[in-house]
Amino acid sequence: VSVAEGVLVEQRGDTSRERVMARVTLAAALGDLVVPAGLALGAWVDLGWRSVLGLAFVVSVCVAIVHARSRELDRPLPRDEEDDDLAASDEAPEAELTGLAALRAALSQRALVRLSLAGTMIGLLDEVLVAFAAVHLEALSPGPASIVWRQAALGALIVGGVIGLMALERFVEDARAGRVLQLACVLAFVSSLALALATDLVIASVALFVLGASSAVLHPLVKARAYASLPGRPLLVNAVAAALVPLDALAPLVLGAIAFGTEPRIAMLVLALAPLGVLVLARRAK
């Protein structure tokens, strides 16, 4: 998927990287929208989680078959003069570098590393947020009777994300991308706080909707900047991001320890700091 994303972004034609990333992320968000709807439907028809997991397995196999039959993605990527000027620096990896040497050169790009760290923090606002938000919502309204309403609240997060991405794809401009990123970080921080401090499902649902709309646009904007910091080398950009995977694995464990030692609300408050980290790293990556 990362290979396909990189090729799509670099072979963008007259379309900006931000707009291509918005379209890619929107496609993913539409897929995510199926999850809470499917879980709510499964609960409504009294379908067990094993059956839902089996259905997800079948769908995954079908998707894998589609990818296996897709056309070859390993082909040269274009580089225009604007990209060459952007990449020109004493630290920029040369085109002939390959393998570990190229990865070491990419890791020396401070802007790319900072943007990749920002991307890791944005990841906390995706699956990790959903997991801890689900625990938080159950604490607000416990019991099986409210499971459909809790899934609807989580669905508000994804619906907000879809709407935010649709607006970004339609109206994003390179000149305004930085301002949009800053505004989205602030909105994500405020709505995260509102979610953590919510006392009922209605307030939590509104907070999740705003959080979804604001946090969803962070990934395409930051990832587009990461690709632009090393134009024509999307595999290296994603390799640097992959080098930070241990942080992705560690963060949920730390948040889980906080929630277990205190309460889920405290973990949500800590999670609310992620958008501020994204804002600081993105500003320093200029």
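Just so it is clear, the structure is predicted and the values come from calculations on it, not from any experiment. (Residues numbered from 1 in each chain as written. Predicted model: local features only at pLDDT ≥ 70, side-chain atom pairs only at ≥ 80, totals over all residues. Heavy atoms only, no water.)

1. Section: the overall build of the chain
We count it as follows: A run of DSSP states H or I qualifies as a helix once it reaches four residues; a run of E qualifies as a strand once it reaches two. Both are numbered from the N-terminal end. Each residue gets one of three labels from its accessible area relative to the maximum for its type: buried under 20%, exposed over 50%, partly exposed in between, using a 1.4 Å probe on protein chains only. In what follows, residue pairs with any heavy atoms lying within 4.5 Å of each other are defined as contacts. To measure how exposed things are, a 1.4 Å probe is used in the Shrake-Rupley method; for residues, cover is taken only from the protein chains shown.
Helix and strand counts for the chain come out as 15 helices and zero strands. Across the 286 residues that make up the chain, the buried fraction comes to 40%. Taking contacts inside the chain between residues at least 6 apart in sequence as the whole, the part at least 24 apart equals 80%. Carbon and sulfur atoms provide 66% of the accessible area of the chain, an area that totals close to 15,700 Å².

2. Focus on the nonpolar core
The cut-off we apply is this: Side-chain atoms within 4.5 Å link the members of a nonpolar core, which is a set of buried Ala, Val, Leu, Ile, Met, Phe, Trp, Tyr and Cys residues.
In terms of nonpolar packing, the biggest core is built from 58 residues, with Leu195 and Met268 touching the most fellow members. Per-element accounting of this core gives the leading share, 11 residues, to helix H7 (residues 110-140). In this structure, methionine 268 is in contact with Leu129, Phe132, Ala133, His136, Leu195 and Ala196, ignoring residues within four places of it in sequence. Core analysis: the next-biggest nonpolar cluster, separate from the first, contains six residues, Leu26, Ala29, Val162 and Ala216 among them.

3. Concerning the confidence of the model for the chain
Quick note on the threshold: Each residue carries a pLDDT score, the predictor's own confidence in it, on a scale running from 0 to 100.
Counting all residues, the mean pLDDT for the chain is 83, and 88% of those residues have values of 70 or more. Overall, residues 82-95 carries pLDDT values under 50, and its contacts beyond four positions in sequence, including any with other chains, amount to 22 contacts.

4. A short note on a nonpolar patch on the surface
This is how the line gets drawn: Like-charged residues within 9 Å of one another, or nonpolar side chains (Val, Leu, Ile, Met, Phe, Trp, Tyr) within 5 Å, are grouped into patches, provided each residue has over 30% relative accessible area and no salt bridge. Put simply, a salt bridge is a Lys or Arg side-chain nitrogen that is within 4 Å of an Asp or Glu carboxyl oxygen.
A cluster of nonpolar residues, Leu30, Leu33, Val159, Ile163, Leu183, Leu187, Val202, Val206, Phe209 and Val210, forms a patch on the protein surface that exposes about 810 Å² of accessible area. Mapped onto the nonpolar patch, the elements with two or more residues apiece are helix H8 (147-171), helix H9 (177-197) and helix H10 (201-216). Looking at the nonpolar patch, the element that brings in the most residues is H10, giving four residues. Relative to the helices and strands, leucine 33 is located in the loop between helix H2 (17-32) and helix H3 (34-44). Classification of leucine 33 as partly exposed rests on a relative accessible area of 31%.

5. Side note on the environment of tryptophan 49
Residue placement: tryptophan 49 occurs in helix H4 (residues 49-68). Considering only alpha carbons, one finds tryptophan 49 and leucine 39, 10 residues apart in sequence, at a separation of 8.4 Å.

6. Examining the environment of serine 60
This is how it is decided: By the criterion applied in these results, polar contacts are pairs of N or O atoms within 3.5 Å in which, for protein atoms, one can donate a hydrogen and the other can accept it, and in which residues neighboring in sequence qualify only through two side-chain atoms.
Counting through the fold element by element, serine 60 comes out in helix H4. Reaching out from serine 60, the side chain makes a polar contact with the backbone oxygen of alanine 56 at a distance of 2.8 Å.

7. Regarding the pattern of salt bridges
In total, this model carries three salt bridges according to the counting rule given. Among the ionic pairs, lysine 223 bridges to glutamate 5, the shortest N-O distance being 3.0 Å. Residue lysine 223 is found in helix H11 (residues 218-229), and its partner glutamate 5 is found in helix H1 (residues 2-10); the two are separated by 218 residues along the sequence. For lysine 223, a relative accessible area of 14% translates into the label buried. Residue classification places glutamate 5 among the buried residues on the basis of a relative accessible area of 10%. Among the salt bridges present, the one from glutamate 169 reaches arginine 23, with a minimum N-O distance of 2.6 Å. With glutamate 169 in helix H8 and arginine 23 in helix H2, the pair connects residues that are 146 residues apart, well separated along the chain. Relative accessible area serves as the criterion here: at 42%, arginine 23 is assigned to the partly exposed category.

8. Looking at the packing of H9 against helix H14 (residues 264-271)
Put simply, the test is: In this analysis, axes come from line fits to C-alpha atoms, helices being fitted only over the stretch in contact, and the angle between any two N-to-C directions falls in the range 0 to 180 degrees. When describing relative orientation, an angle under 35 degrees is termed roughly parallel and one over 145 degrees roughly antiparallel, while 65 to 115 degrees is termed roughly perpendicular and anything else oblique. Note on residue categories: nonpolar means Ala, Val, Leu, Ile, Met, Phe, Trp, Tyr, Cys or Pro, charged means Asp, Glu, Lys or Arg, and polar means any other residue, Gly included.
With their axes 9 Å apart at the nearest point, H9 and H14 run at an angle of 175° to one another. One way to sum up the angle between H9 and H14 is to call them roughly antiparallel. Across from Leu193, Leu195, Ala196 and Leu197 in H9, the residues of H14 making contact are Arg265, Met268 and Leu269. Of the residues that constitute the contact of H9 with H14, the class distribution is six nonpolar, no polar and one charged.

9. Looking at the side chain of serine 192
Position of serine 192 relative to the elements: it lies in helix H9. Classification of serine 192 by relative accessible area gives buried; the value is 5%. Among all residues touching serine 192, those that are not within four sequence positions of it are Leu211, Ala272 and Pro275.

10. Thoughts on the environment of alanine 228
Among the structural elements, alanine 228 can be located in helix H11. Note: C-alpha distance between alanine 228 and glutamate 18 (210 residues apart in sequence) is 9.8 Å.

11. So, the packing of H7 against helix H15 (residues 274-284)
Spelled out, the test is: Note: crossing handedness is left-handed where the near helix turns anticlockwise from the far helix by less than a right angle, and right-handed where it turns clockwise.
Contact pair H7 / H15: the axes reach a minimum separation of 9 Å and the direction vectors enclose 165°. One finds that H7 runs roughly antiparallel with respect to H15. The interaxial crossing formed by H7 with H15 has left-handed handedness. Counting all contacts with H7, which are made through Arg114, Leu115, Leu117, Ala118, Met121, Ile122, Leu124 and Leu125, the residues of H15 involved are Ala274, Pro275, Gly277, Val278, Leu281, Ala282 and Arg284. By residue class, the composition of the contact of H7 with H15 is 12 nonpolar, one polar and two charged.

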